[in-house]
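Survey of secondary and tertiary structure
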2 protein chains.
Amino acid sequence: MTWKPITSPILDTLLDKVQFNEQGLISAIAQDEAGHVLMLAWMNRDALAETLKTGRVCYYSRSRNKLWRKGESSGQEQHLLAASLDCDADCLLLTVQQKGVACHTGRRSCFYQALTPSGITNLTEPDIRPETLYGEKVSS
Amino acid sequence: MTWKPITSPILDTLLDKVQFNEQGLISAIAQDEAGHVLMLAWMNRDALAETLKTGRVCYYSRSRNKLWRKGESSGQEQHLLAASLDCDADCLLLTVQQKGVACHTGRRSCFYQALTPSGITNLTEPDIRPETLYGEKVSS
């Protein structure tokens, strides 16, 4: 399964169907080839267009207010395999080939904090130290 | 796997750790036991508290501005099996036992609109007619 680029004019028609929210964003769930959910992030129209054209997953960073080509700092890139919209066209499900780990804590998946009757339990430990991914300035 | 209810005071401690957005909401991804992603919806503090206490999944409907006990109209209930928070504590991943279909169009999953170079392709057809789920007034 490799990504077949989507280009204009079909790309523009698809983008016009997407229901971006009042901030111009849509949520995007990323799962790996095995169907394990890795993370949720956001895309604006430009990020989604770039992702669908290139197959390299690009989000929109709400904290940095700019396009965020996943892996640009950490090397942990996501390459798109499939993408689908939900019934309301306001959420995306991306199937990606995840290089290394998706989570900035060094874990494969961001969803590692299990809610249990005794509190939060970490389901996994980091595969990679965050300092290895981002340099010594960033902590977990 | 059955849900072990989370009750106070642990419940309150957990809820205090959740990063609800400026509307007081958190996004929640629901997947089934096989890991298939079914839908994304939103919860406020009350919806999440009820879900964790009872194991019956309750969202917050942004269009109706009220708690939405999944399946209350359609009978297509979700029973919680596991729940985890992501690294930023601003998104939930729920593993649920889905009774019937999750999508209001009568499909098992809401993510049925594949994005392809030739446009949107429906990945699945409805398992149930929406009119059967909601009565004749609602169309797909």
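Each chain has its residues counted from 1, following the order in which its sequence is written. Chains carry letters and ligands carry numbers; both start at the beginning, A for chains and 1 for ligands, and go up in the order they are written. Local features in this predicted model are restricted to residues whose pLDDT is 70 or higher, and side-chain atom pairs enter the listing and the counts only when it is 80 or higher, whereas totals over whole chains, interfaces and linings include all residues. For side-chain calculations, the full set of non-hydrogen atoms in the structure is used, while hydrogens and water are omitted.

1. A word on the UniProt feature "binding site: Mg(2+)" (unreviewed entry) in chain A
In this structure's numbering, the residues bearing the UniProt feature "binding site: Mg(2+)" (unreviewed entry) are A:Asp86, A:Asp88 and A:Asp90. A run of H or I in DSSP counts as a helix once it spans at least four residues, and a run of E counts as a strand once it spans at least two, with each numbered from the N terminus. Mapped onto the secondary structure, A:Asp86 falls in the loop between β5 (78-85) and β6 (91-98). Setting aside anything within four residues of it in sequence, one finds A:Asp86 in contact with A:Cys91, B:Cys110, B:Phe111 and B:Gln113. Positionally, A:Asp88 belongs in the loop between β5 and β6. Any two residues having at least one pair of non-hydrogen atoms within 4.5 Å are treated as being in contact. Leave out the neighbours within four places in its chain, and A:Asp88 touches A:Gln19 and B:His104. UniProt positions are given in the numbering used here, feature names are shortened, and annotations may be inferred rather than shown by experiment.

2. Observations concerning the interface of chain B and chain A
Counting residues at the interface gives 43 residues for chain B and 43 residues for chain A. Buried area is understood as the total, over both parts, of accessible area removed when two parts are fitted together, assessed with a 1.4 Å probe. Across the interface of chain B and chain A, roughly 3200 Å² is buried in total on both sides, 71% from carbon and sulfur atoms. Area buried by chain B at its contact with chain A is led by B:Cys87, B:Phe111 and B:Leu115, which between them contribute 22% of it. With a closest N to O distance of 3.7 Å, A:Arg62 and B:Asp90 form a salt bridge. Ranked by residue count, the leading element in the side of chain B that touches chain A is strand β7 (residues 113-116) of chain B, at four residues. Residues of the side of chain B that touches chain A, tallied by class, amount to 25 nonpolar, eleven polar and seven charged. The criterion for strand pairing is that DSSP finds at least two bridges linking the strands in question. Across two bridges, the pairing between β5(A) and β7(B) is antiparallel. Across the sheet, A:Ser84 pairs through a bridge with B:Ala114, a residue of β7(B). Salt bridges are identified by distance alone: a Lys or Arg side-chain nitrogen within 4 Å of an Asp or Glu carboxyl oxygen. When residues are grouped by polarity, Ala, Val, Leu, Ile, Met, Phe, Trp, Tyr, Cys and Pro land in nonpolar, Asp, Glu, Lys and Arg in charged, and all others, Gly among them, in polar.

3. Observations regarding helix α1 (residues 10-17) of chain A
Type-normalised accessible area, obtained with a 1.4 Å probe on protein chains alone, sets the label of each residue: buried when under 20%, exposed when over 50%, and partly exposed for intermediate values. Taken together, the buried positions of α1(A) are occupied by A:Leu11, A:Leu14 and A:Leu15. What you see down the axis of α1(A) is that its buried residues fit within an arc of 100°, all on one side. Contacts from the buried residues of α1(A) go to α2 (45-54) of chain A together with β7 and β8 (119-122) of chain B. It is the directions from the helix axis to the C-beta atoms whose arc is reported.

4. Let's talk about the packing of aromatic side chains
Centres within 6.5 Å are what make two rings of Phe, Tyr or Trp a pair, Trp counting through its six-membered ring; a difference in plane orientation under 30 degrees is then read as stacked, over 60 as edge-to-face, and the rest as tilted. Tallying each qualifying case throughout the model produces three aromatic pairs over all chains. Here the aromatic rings of A:Trp42 and B:Trp42 are separated by 6.4 Å at their centres, their planes lie at 40°, and the arrangement is tilted. Taken as a pair, A:Trp42 in strand β2 (residues 37-43) and B:Trp42 in strand β2 (residues 37-43) lie in two separate chains rather than in one. For A:Trp42, a relative accessible area of 11% gives the class buried. With 5.3 Å between their ring centres and 45° between their planes, A:Tyr59 and A:Trp68 make a pair best called tilted. Note on geometry: a ring has a charge over it if NZ (lysine) or CZ (arginine) is within 6 Å of the ring centre and within 35 degrees of the ring normal. Here the guanidinium or amino end of A:Arg107 rests over the ring plane of A:Tyr112, the centre of that ring lying 3.7 Å away.

5. Let's talk about the confidence of the model for chain A
The predictor rates its confidence in each residue with pLDDT, a number between 0 and 100. Here chain A shows a mean pLDDT of 95. Residues at 70 or above account for 96%. The ipTM assigned to the predicted complex is 0.94, against a pTM of 0.95.

6. Observations regarding the sheet that holds strand β8 (residues 119-122) of chain A
Backbone-to-backbone hydrogen bonds pair the strands of a sheet. The strands run either parallel or antiparallel. Spatially, six strands are ordered β8(A)-β7(A)-β5(B)-β6(B)-β1(B)-β2(B) in an open sheet, and the strand pairing comes out mixed. Only two strands of the sheet have a single partner each, and these edge strands are β8 of chain A together with β2 of chain B. The average undirected angle you get between the axes of adjacent strands in this sheet is 35°. As judged from the seven bridges shared by strand β5 (residues 78-85) of chain B and strand β6 (residues 91-98) of chain B, these two strands associate in the antiparallel manner. Pairing of B:Ser84 across the sheet is with B:Leu93, part of β6(B). Fitted lines through C-alpha atoms serve as axes, helices being fitted only where they are in contact, and the angles separating the N-to-C directions of these axes extend from 0 to 180 degrees.

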